[in-house]
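An overview of the molecular structure
Spelled out from the first residue to the last, the chains are:
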Amino acid sequence: DGPADVVDAAAWDARDPANAVVSTKLPFDSAHAVEDYLELELPDFPKNDTLVLTVSISATAEIWALNLAPADHDDGGTLLYHFNPRAKERGGLLVENDKTDDDWGRAKKSCLPHQPALFGLERKELAFKFKASPGHVDILVTVDRVQATAWRLRSEAPRGAALALLVPTRDDFGNRQGVTVHDAWWGKLPRLPGHRPYREQSFY
């Protein structure tokens, strides 16, 4: 790996606490919150390229979602990445997608991974690592340093600007989501040894 693409797990354990996302809305429980969604600003992308959350998801939850969006997302109408585990649909699915001007893209649906688990989590580390390569940007998603999926952005993320994390309380059909976000960290980190590159997959 070159200098711009180093692998260093120790750096994840030595994260600068100054990069913690400070918000009076944390912790945020999507199952009981009165707001439509939690919004956390993620400044200075791509100088900062890694979002690390501490989350809990009940084993009895049926669905939860997290969205990464440009700061000017028009009330959730534009999403760079929609990460949506569903426990009951077709025996368990991970649905990934994007949205532009309130129009959803073509969903990628895959079976829920056995490892890492995406339900029954108690204060686990959930991380989204942006990895830029010539011509594209990928998001590598891990739970406790084990990769769950990788997503290739279909639209360009705004450079030198802020992104936003959106945690909805309900899905498009009004069903309650089931994730608690305890805390958040946003900064620059190298890749983990377990990070795997994006691979094209067929859609359901």
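Above this text is the structure in question.
Now for a quick tour of the structure. (Residues numbered from 1 in each chain as written. Predicted model: local features only at pLDDT ≥ 70, side-chain atom pairs only at ≥ 80, totals over all residues. Heavy atoms only, no water.)

Points about a negative patch on the surface
Short version of the rule: The residues that make up patches have over 30% relative accessible area and no salt bridge, and they are joined within 9 Å when like-charged or within 5 Å when they are Val, Leu, Ile, Met, Phe, Trp or Tyr. Under the convention used here, a 1.4 Å probe and the Shrake-Rupley method define accessible areas, while residue burial counts only the protein chains that appear. Counted as salt bridges are all cases of a side-chain nitrogen of Lys or Arg within 4 Å of a carboxyl oxygen of Asp or Glu. Lys and Arg are tallied as positive, Asp and Glu as negative. Neither His nor the chain termini are counted. Here the site of a charge means NZ on Lys, CZ on Arg, CG on Asp, or CD on Glu. Only DSSP runs of H or I reaching four residues or more are called helices, and only runs of E reaching two or more are called strands; each is numbered from the N terminus. With a 1.4 Å probe rolled over the protein chains alone, any residue whose accessible area is under 20% of its type maximum counts as buried; one over 50% counts as exposed, and the rest are partly exposed.
The grouping of Glu35, Asp36, Glu39, Glu41, Asp44, Asp72, Asp74, Asp75, Asp101, Asp102 and Asp103 at the surface amounts to a negative patch. Of the residues forming the negative patch, the biggest block, 3 residues, is contributed by strand E2 (residues 37-45). The class of Glu39 is partly exposed, set by a relative accessible area of 31%.

Quick look at the environment of Glu125
We apply this condition: Under this definition, polar contacts are N or O atom pairs within 3.5 Å; protein pairs additionally need one hydrogen-donor-capable and one acceptor-capable atom, and for neighbouring residues in sequence, both atoms have to be side-chain atoms.
Its location among the elements puts Glu125 in strand E9 (residues 121-133). When the C-alpha positions of Glu125 and Val52 are compared, they lie 6.7 Å apart, and in sequence the two are 73 residues distant. Here Arg145 takes part through its side chain, which lies 2.8 Å from a polar atom of the side chain of Glu125.

Quick notes on the sheet that holds strand E11 (residues 146-152)
Just so we agree on the cut-off: Whether two strands pair comes down to DSSP finding at least two bridges between them.
Sheet architecture is open: 6 strands sit in the order E1-E13-E3-E9-E10-E11, paired in antiparallel fashion. The open sheet has two edge strands with one neighbour each: strand E1 (28-29) and E11. In this structure, strand E10 (residues 136-143) lies alongside E11, joined through 6 bridges in antiparallel fashion. Along E11, the bridge assignment pairs Val141 with Thr149.

A look at the packing of aromatic side chains
Basically, it comes down to this: Side-chain rings of Phe, Tyr and Trp (the six-membered ring for Trp) are treated as a pair once their centres are within 6.5 Å; stacked means planes under 30 degrees apart, edge-to-face means over 60, and tilted covers the remaining angles. Each ring is checked for a lysine NZ or an arginine CZ that lies within 6 Å of its centre and within 35 degrees of its normal; such an atom marks a charge sitting over the ring.
Evaluated as defined, the whole model comprises 7 aromatic pairs. Where Phe83 meets Phe128, the ring centres are 5.7 Å apart and the plane angle is 90°; that geometry is what we call edge-to-face. Highlighted residues: Phe83 in strand E5 (residues 79-86) and Phe128 in strand E9, separated in sequence by 45 residues. A residue is classified by how much of its surface remains accessible, and Phe83, at 0% relative accessible area, is buried. Looking at Phe128, the relative accessible area reads 1%, which means it is buried. A network of ring pairs unites the aromatic residues Trp64, Tyr81, Phe83, Phe128 and Trp151 as a single cluster. Across the ring face of Trp185, the terminal group of Arg15 is positioned such that the distance to the ring centre comes to 5.6 Å.

Considering the nonpolar core
Threshold: In this text, buried Ala, Val, Leu, Ile, Met, Phe, Trp, Tyr and Cys residues form a nonpolar core when linked through side-chain atoms within 4.5 Å. When checking whether two residues touch, look at their non-hydrogen atoms; a contact exists if any pair is within 4.5 Å.
Membership of the largest hydrophobic core comes to 41 residues, with the highest contact counts inside it found for Leu53 and Phe128. In this structure, Leu53 is in contact with Leu66, Lys124, Glu125, Leu126, Phe128, Leu165, Val181, Asp183 and Ala184, ignoring residues within four places of it in sequence. Ala11, Ala127, Leu189 and Leu192 belong to the second largest nonpolar core, which has 7 residues in total.

Quick look at the pattern of salt bridges
A full pass over the atoms with the stated rule returns 11 salt bridges. For Arg145, the salt bridge goes to Asp13, with nearest N and O atoms at 3.1 Å. Within this pair, whereas Arg145 is found in the loop between E10 and E11, its partner Asp13 is found in helix H1 (residues 10-13), the two being separated by 132 residues in sequence. Overall, Arg145 belongs to the partly exposed group, its relative accessible area being 26%. A salt bridge links Lys124 to Asp144, with the shortest nitrogen-to-oxygen separation between them at 3.5 Å. Of the two residues, Lys124 sits in strand E9 while Asp144 sits in the loop between E10 and E11, which places them 20 residues apart along the sequence. A relative accessible area of 31% means that Lys124 is categorised as partly exposed.

Details of the pairing of strand E12 (residues 161-168)
The two faces of a sheet get side chains in turn, since along a regular strand they alternate between them. For E12, the buried fraction is high: 7 of the 8 residues fall into the buried class. With 7 bridges connecting them, E2 and E12 associate as antiparallel partners. Bridge pairing links Phe45 to Ala161 in E12. Where strand E4 (residues 66-70) and E12 come together, 4 bridges link them in antiparallel fashion. Among the inter-strand pairings, Asn67 is bridged to a residue of E12, identified as Leu166.

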